[in-house]
Amino acid sequence: MTTPDSEAPDNFGEQFLDDYFAECDEHIAAVRRHLLALDQQVGEGRIDSALLDELFRSFHTIKGISGMVGFREEEQLAHRIEDTLRAVRQGDVSLNVDRIDGLIESVALLDRRLAARRSTAPLPVLPDEDAAAIQPPDAAAGTAGSGPLLTFSIEFTPTPALAERGININSLRARMQEIGEILKSTPTVKGQGEISFQFQVRTHVDLMARPEWNSEGVQTKAEAHVPDIHRPAPKVASSNVVRVDLVRLDELIRIVGEMVTSRARMEDQVKQARKNLPSPEWRAMFESAQTMARQLRDLRDGVMRVRMVQIGEIFDRMQFVVRDMARESGKRVIVNVIGQETEIDKFLIERLMDPLLHLVRNAVSHGLERPDERRSAGKPPEGRLTLRATTIGEKVSIEIADDGRGIDVERVAERARATGLLAPGVPLDDARLLELICYPGFSTRVEADRESGRGVGMDVVKSTVEALTGTLSFSTQTDQGSRFCIEVPLTLAMADALIVTVCGQTYAVPQLTVREVFEVEPSAVRALERNEMIAHRGSALPLFRLSEFFKLTEPHHSRDRRFHVFVTGTGNNALGIAVDRIVGHQEIVVRTIGDSLVQVPGIAGATDLGDEKVVLILDVPALRRSALQERMMRTGN
Amino acid sequence: MLRPLAKTAHVLVVDDSPTMRRMIVTALRGLGSVKFSEAGSGLEALELMTLTPIDLMILDLNMPEMHGIEVLQFVRAHRTYSRLPVVVLTTRGDETSRSEAAASGATDYMTKPFQARELFELVRNLLPPSKES
């Protein structure tokens, strides 16, 4: 036998920091969810002891693993929280709003400490895939049918043969959780030293009618109705969830992307081979290529799905912030959450975190009124904040709406006219209003208050969303409230793109940023105050020449040729970007250019189109900004 | 009836924290020809040991669904495993469970945070001697 590695005992834990932080994240996310539920239960005067157990166990685990990695303060903190919870569990102290506030504060402190630890940790700061978010937080509710709730007892006897076929405790439990709720699970030792497991499951599905629930090793019986109890909170992490480092996943996506481009190349070659091959042979080859294309699409979708996390955890975090702010400001807020199960790329949701929190803080501190104000306005004293996520095709929409006082349009207009941002007599519609409040430094507040002054401003919200090739929209109504809506693509790792050429250079344009494309006669271009415009759909569309922006020249480049324009933005924000030709449409794998030395304004990343030549991806939002600035400078002269 | 000694010892690590399981397995990596299995819950552990014979169990106490003491009681009630070495490994502050663990038949007891070296020594002494050594 060999001796163990000769690590000094005190730094043994250091090699597990990545796992440690990931697991703490999972527990803190679950703790937030449970504390919010507990907070509500205290209000309703009933406390679910299972919830307390879950909380207790989370802190117990955090304490245990903190001790192992040598974080004594975190261990202590978790230990103190654990003590409080133990006292509550044993009935020594009662749980009230203040105590929950105290718990929430301790959790926030723990969270901040961990964040600080992580930022100075010598290991790379790459949070692992969040197991808690992958699991449906409310599987039972998700499949809740309309039928009556039935209770079944299920007995399972594991055997090696069943295990080989993947039928084991974990797979069975997952199946039960899919259709309903597990009320009880107990093992029993049988005569021959064999262990079997009894489960009690409550579900809307009639298991007696499903043969798979009465098959080898699994025996199901119907039971009399069991009185309703609170559904236990979802488990933090089950052992059949695999954590994947985003870096590894990106590598996989890169490979899939390369396959996508190779396949595009192969498709061309197959098409060209048609004239040299006898028809039946060519047909067979063509069909194989088609099949492979389909399989590749499935593979790509499968890989992309792994990156997806549910938005629910972010919504929980927001509810936490709202609760804190409401308590400090004496406001009353009811949060409606819709679409927690909506999935979004983990990378995207991390970038959107601060903007979303900013919008929520704004809504509570500026949008929603105090209870007395609301009463005198004829509204219920509790303000309503709606967080809604939905998937629309290839996009996710996240909406934050309040039923507060709405934005004081007159005041914004006054200020905008005073600072010259709004011409006199120009009406202020929602789109212009949004532009103004997102203008750097523009705020109707003389001084930013604590809530909304933290971290980012509206300008950062807008630029972050646009950098993710998303859109921000807005509407407001006096005394009815305001509504912000962020739309972003499901993922940034792959995109559909238009392939365009300018002066012999090829660029890719993310298709989500393009509203329409058309061809223009050079004679249709009009100059207006040194800006070029074209008439389009009954209004003047400003023209932005990519060749000028990138200072491209080509001997044969002539202004007398017809050219293509793609339109980005809507209404007053529409901009026509002029290129030589739009040569096609292709699925691309987006690679961001990380090195700031090679970052070029107007370029978002790079891709290749299957011919192994690198093609740059246009940063359309940045181009729009630069066009706007140029326009303002020229008209200002 | 005596179970024939397995050529490769099989150690089952039962803990609901995946990080803790990794730490335990890492601490014991130098044990030679030992196969490790991990279980994230008591039920999973009981299932695993009915399917494959194990030679030693490292058991956490505070776990969801089924407490470690219950797991231990089932292990002791099981014909094949009544004499299985079980090391109870539990978090500091749970010292009251020590007597309970001993009463339920724990072979040994260690507190987390543990020293990798100490756990290693403890487990090495409890494992049946491997045929190769």
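All values derive from a computational prediction rather than experimental measurement.

1. Some points on the overall build of chain A
So, step 1. Helices and strands together make up the secondary structure of chain A, namely 19 helices and 23 strands.
So, step 2. When each of the 637 residues of chain A is scored for burial, the buried share is 45%.
So, step 3. Counting only contacts in chain A whose residues sit at least 6 apart along the sequence, the fraction spanning at least 24 positions is 69%.
So, step 4. Of the roughly 31,500 Å² of accessible surface on chain A, a fraction of 51% belongs to carbon and sulfur atoms.

2. Comments concerning empty space enclosed by the protein
Any empty space left between atoms is shown by rolling a water-sized probe over those atoms.
So, step 1. Tallied over the full model, the rule gives 2 cavities of 30 Å³ or more.
So, step 2. Roughly 60 Å³ of volume is contained in the second largest cavity.
So, step 3. Around the second largest cavity sit His60(A), Thr61(A), Gly64(A), Ile65(A), Asp15(B), Asp16(B), Ser17(B), Met20(B), Asp60(B), Thr91(B) and Lys112(B), which together line it.
So, step 4. Ranked by the residues each element gives to the lining of the second largest cavity, the list is headed by helix H2 (residues 49–69) of chain A, at 4 residues.
So, step 5. Considering only residue class, the lining of the second largest cavity consists of 2 nonpolar, 5 polar and 4 charged.

3. Observations concerning the interface of chain A and chain B
In many reports, interface size means the accessible area that the parts give up when they come together.
So, step 1. Facing the 46 residues of chain A at the interface are 42 residues of chain B.
So, step 2. Taken over both partners, the interface formed by chain A and chain B buries close to 4,000 Å², and the fraction arising from carbon and sulfur atoms is 62%.
So, step 3. On the surface where chain A and chain B come into contact, there are 1 salt bridge.
So, step 4. For Asp19(A), the salt bridge is made with Arg22(B), and the minimal N-O distance between the two is 2.4 Å.
So, step 5. Where chain A meets chain B, there are 7 residue pairs in polar contact (both at pLDDT 80 or more).
So, step 6. Counting residues per element, the ones that place at least two in the side of chain A that touches chain B are helix H1 (17–44), H2, helix H3 (72–89), helix H7 (160–164), helix H8 (169–179), strand E2 (180–189) and strand E3 (195–203) of chain A.
So, step 7. For the side of chain A that touches chain B, the leading source of residues is H2(A), giving 10 residues.
So, step 8. Split by residue class, the side of chain A that touches chain B holds 20 nonpolar, 15 polar and 11 charged.

4. Looking at the sheet that holds strand E4 (residues 218–223) of chain A
So, step 1. Overall, antiparallel pairing links the 4 strands, which are arranged E2-E3-E1-E4 (chain A) in an open sheet. A strand with exactly one partner marks an edge of an open sheet, and here the two such strands are E2 and E4 of chain A. Across this sheet, the average inter-strand angle for adjacent strands is 20 degrees, counted without regard to direction.
So, step 2. Examined bridge by bridge, strand E1 (residues 150–156) of chain A and E3(A) share 7 bridges and lie antiparallel to one another. Bridging from a neighbouring strand, Glu155(A) pairs with Gln198(A) of E3(A).
So, step 3. In the packing of H8(A) onto the sheet, the strands contacted are E1, E2, E3 and E4 of chain A, and the crossing angle to E2(A) comes to about 150 degrees.
So, step 4. Its contacts with the sheet place helix H2 (residues 42–51) of chain B against E1, E2 and E3 of chain A, and it is angled at close to 140 degrees to E3(A).

5. Digging into the packing of aromatic side chains
All names here are of chain A.
So, step 1. Summed over all chains, the structure comprises 10 aromatic pairs over all chains.
So, step 2. Seen from their ring centres, Tyr-20 and Phe-21 are 5.3 Å apart, and the 65 degrees between their planes marks the pair as edge-to-face.
So, step 3. For Phe-21, a relative accessible area of 5% translates into the label buried.
So, step 4. Joined through ring pairs, the aromatic side chains of Tyr-507, Phe-544, Phe-549 and Phe-550 make up one cluster.
So, step 5. Its end group placed over the ring of Phe-71, Arg-117 keeps NZ or CZ at 3.8 Å from the ring centre.
So, step 6. Above the plane of the ring of Trp-213 lies Arg-175, whose end atom (NZ or CZ) is 4.6 Å from the centre.

6. Considerations on the confidence of the model for chain A
So, step 1. With 84% of its residues at a pLDDT of 70 or more, chain A has an overall mean of 79.
So, step 2. Long-range and interchain partners of residues 121–146 of chain A, a stretch whose pLDDT sits below 50, account for 54 contacts in this model, where long-range means more than four residues apart.

7. Quick look at the sheet that holds strand E1 (residues 9–14) of chain B
Residue and element names in this part refer to chain B.
So, step 1. Spatially, E2-E1-E3-E4-E5 is the arrangement adopted by the 5 strands of the open sheet, whose pairing is parallel. The open sheet terminates on both sides in strands that have one partner only, identified here as strand E2 (34–39) and strand E5 (108–112). Strand-to-strand twist of the sheet, defined as the mean angle between neighbouring strand axes without regard to direction, takes the value 20 degrees.
So, step 2. Pairing of strand E3 (residues 56–59) with strand E4 (residues 86–91) involves 3 bridges; the strand directions are parallel. Bridge pairing in E4 links Ile-58 to Val-87.
So, step 3. Together, E1, E2 and E3 form the strand contacts of H2, whose direction differs from that of E2 by roughly 140 degrees.

8. Considering the nonpolar core
So, step 1. Formed by 58 residues in total, the largest nonpolar core has its most connected members in Tyr20(A), Leu35(A), Phe59(A), Ile24(B), Ile58(B), Phe114(B) and Leu119(B).
So, step 2. Sorting elements by how many residues they give to this core places H1(A) first, with 10 residues.
So, step 3. In terms of nonpolar packing, the next biggest core, distinct from the first, is built from 47 residues, Ile311(A), Ile398(A), Met458(A) and Leu472(A) among them.

9. Things to note about the packing of H2(B) against helix H3 (residues 68–77) of chain B
All names here are of chain B.
So, step 1. Where H2 meets H3, the closest approach of the two axes is 10 Å, and the angle between their N-to-C directions is 20 degrees. Here H2 is positioned roughly parallel relative to H3, judged by the angle of their axes. As H2 runs across H3, the sense of the crossing is right-handed. Counted together, Gly-42, Leu-46 and Met-49 of H2 and Val-71, Phe-74 and Val-75 of H3 form the full contact between these two elements.
So, step 2. Within the contact of H2 with H3, the residues separate by chemical class into 5 nonpolar, 1 polar and no charged.

10. A word on unusual backbone geometry
So, step 1. With omega at -5 degrees, the peptide bond leading from Lys112(B) into Pro113(B) counts as cis.
So, step 2. Here Pro113(B) is to be found in the loop between E5 and helix H5 (116–126).
So, step 3. Positive phi outside glycine occurs at Asp479(A), with the angle close to 65 degrees.
So, step 4. A residue is classified by how much of its surface remains accessible, and Asp479(A), at 42% relative accessible area, is partly exposed.
So, step 5. Positioned with a positive phi, Arg537(A) is a non-glycine residue whose angle comes to about 50 degrees.
So, step 6. Relative to the helices and strands, Arg537(A) resides in the loop between strand E16 (531–536) and strand E17 (539–545).
So, step 7. With a relative accessible area of 68%, Arg537(A) lands in the exposed category.

11. A few points about the environment of Asp83(A)
So, step 1. Assignment of secondary structure puts Asp83(A) in helix H3.
So, step 2. Separated by 27 residues in the primary sequence, Asp83(A) and Phe56(A) have C-alpha atoms spaced 8.8 Å apart.

What counts, and at which threshold
Residues numbered from 1 in each chain as written. Chains lettered and ligands numbered in written order. Predicted model: local features only at pLDDT ≥ 70, side-chain atom pairs only at ≥ 80, totals over all residues. Heavy atoms only, no water. Helix = DSSP H or I, 4+ residues; strand = E, 2+ residues; numbered from the N terminus. Buried < 20%, exposed > 50% of the residue type's maximum accessible area, 1.4 Å probe, protein only. Contact = heavy atoms within 4.5 Å. Areas by Shrake-Rupley, 256 points an atom, 1.4 Å probe, with all protein chains shown as cover. 1 Å grid on protein atoms, 1.4 Å probe; cavity = no way out; pocket = protein on both sides within 12 Å on 5 of 7 lines; lining within 4 Å. Points joined across faces, edges and corners; volume = space filled by probe spheres on them. Nonpolar A, V, L, I, M, F, W, Y, C, P; charged D, E, K, R; others polar. Buried area = accessible area lost by both parts, 1.4 Å probe. Salt bridge = Lys/Arg side-chain N within 4 Å of Asp/Glu carboxyl O. Polar contact = N/O pair within 3.5 Å; in protein donor to acceptor, adjacent residues only side chain to side chain. Pairing = 2+ DSSP bridges. Axes fitted to C-alpha atoms, helices over the stretch in contact; angles between N-to-C directions. Phe/Tyr/Trp six-rings, centres within 6.5 Å; stacked < 30°, edge-to-face > 60°. Lys NZ or Arg CZ within 6 Å of the ring centre and 35° of its normal. pLDDT = per-residue confidence, 0-100. Core = buried A, V, L, I, M, F, W, Y, C linked by side-chain atoms within 4.5 Å. Parallel < 35°, antiparallel > 145°, perpendicular 65-115°, else oblique. Left-handed = near helix turned anticlockwise from the far one by under 90°.

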